Amino acid sequence: MAAIDLSEPTSAAPKSGFFAVLRRNVPLTVGLGLFWLAAMIIVAAFADQLRPYNITAMDLSSRLSAPGGLKHLLGTDELGRDVLSRLIQSIRISLVIAFGATLLSAFFGTLLGFLAAQFRGTVEHLVLVLADFQAALPFLIMSLAVLAFFGSSMLLLVCLMGFYGWERYARIARGLAIAAGAQGYAAAVVQLGATPARVYLRHILPNVASTLIVSMTLTFPEIILMESGLSFLGLGVQPPETSLGNMVGFGREYLTRAPWIMLAPAIVIMLTTLSISLVGDWLRDKLDPTIR
Amino acid sequence: MIRFVLVRLFRALVTILAVVTFAFVVLRMSGDPAQVMLGPDVPLESVVAFRKAWGLDQPLWAQYVAYIKAIFTGDFGTSMRDKASALHLVLERVPATLQLTLPALLLKLFVGIPAGVYAALHRQSFTDRGVMLAAVFGFTIPSFVMGLVLVLIFSVILRWLPSGGQDTWVHGILPTLTMSIGGIGILARFSRSAMIEVTGQPYIRTASAKGLKWREVVWGHALPNAAVPIITIVGFMVGSLIAGAVVVESIFSWPGIGRLLVVSVGNRDLAVVQCILLIVAAAMVVSNLVVDLLYGWLDPRLRSQASGH
C-alpha cells in the first residue's frame, strides 16, 4: 500500500497575517462548515442564556404562529411553545448525546483494537466476532429492540449510541497497531524494555491518532442522524425534553399547517452533518497520509 | 481456498449464534411479557397460566435451551398477540418491503456508481465538484427529513403523488426515492475515491505507457481493481434490503417489515421481534459472507492473508 509521492510540494512565498494564512489553507466551504460548527457549539454551551423562553412555556393565545414575528422569531408550535427556544435546547441535547457517544465508541473501539493487536489468538478472534455481530445487526434495529424493552433514558441513549461504530475503530486500531508493530520504532521501544501500555499509549497511539480522528468525524454525524432517527420514531429522547429528531417527529403532524416546526430542526440537522462531513474530509486530506 | 471458505462459514455461524443470544437476553431480561400483554388488572391465575403456556415459568437457561432447539428445528415461536406463527407474520411482510428496497437498490447502483466513476475520471472539473456536492447533500440529509420534504413538495404543494399507503405503484415512488438518495450519495463518493486511489497506482501508469487506449485502461485495469472496496458497500446495501426501510416505512405507512418491527416492539411481541432480528441478521451475515468470498475470488492477496492466521 506504500505509495511514494514523487512530486515535491511547491511552496510559494507565504504571506503572513492570520486571515491570509487562513484563506490560503482553508477552502471556502470548509471555512463555512467550521463557522457553523463553532456557532453550534456556542449555542449548545450557552443554551440557557440564549433561549428567549422556557422550552415548556406555553403561549396559548399565539398557537401555530408563523415565523418572522417579533415575539416568536421562528414561530410557535401547536401548544404555543417558542420554536427557537426549543431548537436551541434541542441542539444542546443532540450535540451532547452525539459527542458523548462518539468519545465512548472511539475509546472502547480503540481499546479493543489494541487488545486484539497485543494478544492476538483468542482475544483477537473474540473481538472480531463481536465486530461481526455488530456489523450483522443494523444499528437502528438493535437500538429499537433495546430502547423499546428497557425504556428510554438519557444515560441509556448515550451508552447505546456509544456502541455505534466501535467496530470501525477496533478494526482500524488493530490493523494500524499490527502494522506499527512490524515497524522499527515500536520494536525499538519494546527492546528498550517499555511496558505494552507505554508502547501503545505513548508510541503507537500518536502515530495512528490522525486516522482515528478522521473516523470520529465520520461517526459523529452518523450518530446525530441515528439519534434523531430514533427520536423521530418516538423511541429516543422523550418529552418534555427535546432533541432535533424529536422536534421533526412532532412537527410531522403539522406538516401542512405549520411546516416551520419541522423545517427548523431539519435544516439544523442538515447543516450540522454537512459541515462535519466537509470539515472531516478536509481534515482527512490534511492528516491522513494513507488516503492520498 | 477450502480452509478460507470454512473459516468464513464458521465465523458466520458464530455471528448468527451471537445474534440469537443477544435477542434472547435483551428481550427476556427487560420485563415480564405476561404483565405487558395482560395488563395490570388481571387475576394472578391468568398471569400464571399465561407464563406456563409460553414457558415463561421455566428458569432462564431452560428457556434459552428450548429456544435454541426450536430455532434449529425452524420453529420461531408464535406471536403472543395474533396467535399466528411469527415466521409466517414476518415473511408475509417481506414482499412489501422488497417492493421498496429492490428498486431503491437498483437506483443506487445505476446512478451512484457511474456518477462516482465519472467524477473520478474528470477530477477537479466542474462536474466532479457538482457531483460531490450533491453526494454530500444526499447522505447528510436524514431519510425522515428527506421523506417529509418530498411529501411537502410533491403531495402537499404540488399534489402530484400520494403521501402514504400501498395501493398502486404510484404510492411507491416517494418512499423509493427517499430511500435511494442517501445510498446514491454514499456510492458516488465511495466509487470516486476508489477510482482515484486506483488510477494513481503504478500499474495504471504502466498500462497507459504500453500504449493502451484510455478507455481500455479504465475498463480493463482501473474498474476491476476499484471494484473491491465498492463491493463492500454494495454488500452492506444488499444485506440491509430487508431492514433498510424502518424509518421510511413509518413515514409513508407502508406495511412492510419495518412497520411490523416498530409495532411489535411497541406491543412487546417477543416472538415477532426475535424473528425479525434473526432474519435481518441472517440476511446481513449471508451477504457479508458472499462479499468475503467474492473478495477472495477478486483479490488473491486477501485469500492468502486470511488462511495465514
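A. Summary view of the overall build of chain A. Check the secondary structure of chain A and you find twelve helices and zero strands. Reading chain A from its N terminus to its C terminus gives the helix and strand order α-α-α-α-α-α-α-α-α-α-α-α. Of all 292 residues assigned to chain A, the portion counted as buried reaches 48%. For chain A, the proportion of contacts with a sequence separation of at least 24, taken over those separated by at least 6, is 68%. Put simply, chain A shows about 14600 Å² of open surface, and 69% of that area lies on carbon and sulfur atoms.

B. Just the overall build of chain B, in detail. Per the secondary structure count, chain B includes 14 helices and zero strands. Secondary structure of chain B in N-to-C order comes out as α-α-α-α-α-α-α-α-α-α-α-α-α-α. By principal-axis analysis of the C-alpha atoms, chain B measures approximately 85 × 60 × 25 Å. Across the 309 residues in chain B, those meeting the buried criterion constitute 46%. Of the contacts formed within chain B by residues at least 6 apart in sequence, a portion of 74% connects residues at least 24 apart. When the accessible surface of chain B is split by element, carbon and sulfur atoms take 68% of a total near 15300 Å². For chain B, the centre of its 24 positive side-chain charges and the centre of its 15 negative side-chain charges are spaced 13 Å apart.

C. Focus on the packing of helix α7 (residues 143-157) of chain B against helix α8 (residues 173-199) of chain B. Residue and element names in this part refer to chain B. Axis separation between α7 and α8 bottoms out at 9 Å; the angle between their running directions is 140°. Considering their axes alone, α7 and α8 lie oblique with respect to each other. Crossing of α7 over α8 shows right-handed handedness. Along the contact surface, α7 presents Ser-143, Met-146, Gly-147, Leu-150, Val-151, Phe-154 and Ser-155, while α8 presents Leu-174, Leu-177, Thr-178 and Ile-181. When the residues that make up the contact of α7 with α8 are grouped by side-chain class, the tally is seven nonpolar, four polar and no charged.

D. Spotlight on the packing of aromatic side chains. The final tally for this structure, using the stated rule, is six aromatic pairs over all chains. Measuring from centroid to centroid gives 6.3 Å for Phe99(A) and Phe220(A), while their planes differ by 80°, and the two rings are edge-to-face. On the criterion of sequence distance, the pair formed by Phe99(A) in helix α4 (residues 83-119) and Phe220(A) in helix α10 (residues 196-232) is long-range, its members being 121 residues apart. Note on Phe220(A): relative accessible area 13%, which makes it buried. Measuring from ring centre to ring centre gives 6.1 Å for Phe154(B) and Trp160(B), while their planes differ by 40°; the resulting arrangement is tilted. Judged by its relative accessible area of 61%, Trp160(B) is exposed.

E. Focus on the interface of chain B and chain A. With 42 residues of chain B in contact, the opposing surface of chain A contributes 42 residues. Among the residues chain B hides against chain A, the three largest losses belong to Arg11(B), Phe144(B) and Leu148(B). Together they make up 15% of the total. Broken down by secondary-structure element, the contributors of at least two residues to the side of chain B that touches chain A are α1 (2-29), α6 (126-140), α7, α8, α11 (246-251), α12 (257-267) and α13 (270-298) of chain B. Its residues assigned to classes, the side of chain B that touches chain A comprises 32 nonpolar, six polar and four charged.

F. Main features of the pattern of salt bridges. Residue and element names in this part refer to chain A. Under the counting rule described, the total for this entry stands at three salt bridges over all chains. Residue Glu-124 is joined to Arg-174 by a salt bridge in which the shortest nitrogen-to-oxygen separation is 2.6 Å. One end of the pair, Glu-124, is in helix α5 (residues 121-136); the other, Arg-174, is in helix α8 (residues 166-181), with 50 residues separating them in the sequence. Across the pair, exposure class does not vary: Glu-124 and Arg-174 are buried alike. With a shortest N-O distance of 2.7 Å, Glu-222 and Arg-168 are connected by a salt bridge. Of this pair, Glu-222 sits in helix α10 while Arg-168 sits in helix α8, and the two are 54 residues apart along the sequence.

G. Looking closely at the side chain of Ser90(A). Residue and element names in this part refer to chain A. Relative to the helices and strands, Ser-90 resides in helix α4. Of note is the side chain of Ser-90, whose polar atom sits 2.9 Å from the side chain of Thr-242. Those residues within four positions of Ser-90 in sequence are excluded, and the remaining contacts are Thr-242, Ser-243, Leu-244 and Met-247.

The rules behind these values
- Residues numbered from 1 in each chain as written.
- Chains lettered and ligands numbered in written order.
- Predicted model: local features only at pLDDT ≥ 70, side-chain atom pairs only at ≥ 80, totals over all residues.
- Heavy atoms only, no water.
- Helix = DSSP H or I, 4+ residues; strand = E, 2+ residues; numbered from the N terminus.
- Buried < 20%, exposed > 50% of the residue type's maximum accessible area, 1.4 Å probe, protein only.
- Contact = heavy atoms within 4.5 Å.
- Areas by Shrake-Rupley, 256 points an atom, 1.4 Å probe, with all protein chains shown as cover.
- Lys, Arg positive; Asp, Glu negative; His and termini not counted.
- Charge placed at Lys NZ, Arg CZ, Asp CG, Glu CD.
- Axes fitted to C-alpha atoms, helices over the stretch in contact; angles between N-to-C directions.
- Parallel < 35°, antiparallel > 145°, perpendicular 65-115°, else oblique.
- Left-handed = near helix turned anticlockwise from the far one by under 90°.
- Nonpolar A, V, L, I, M, F, W, Y, C, P; charged D, E, K, R; others polar.
- Phe/Tyr/Trp six-rings, centres within 6.5 Å; stacked < 30°, edge-to-face > 60°.
- Buried area = accessible area lost by both parts, 1.4 Å probe.
- Salt bridge = Lys/Arg side-chain N within 4 Å of Asp/Glu carboxyl O.
- Polar contact = N/O pair within 3.5 Å; in protein donor to acceptor, adjacent residues only side chain to side chain.

Treat this as a map of the structure, not an account of what it does.
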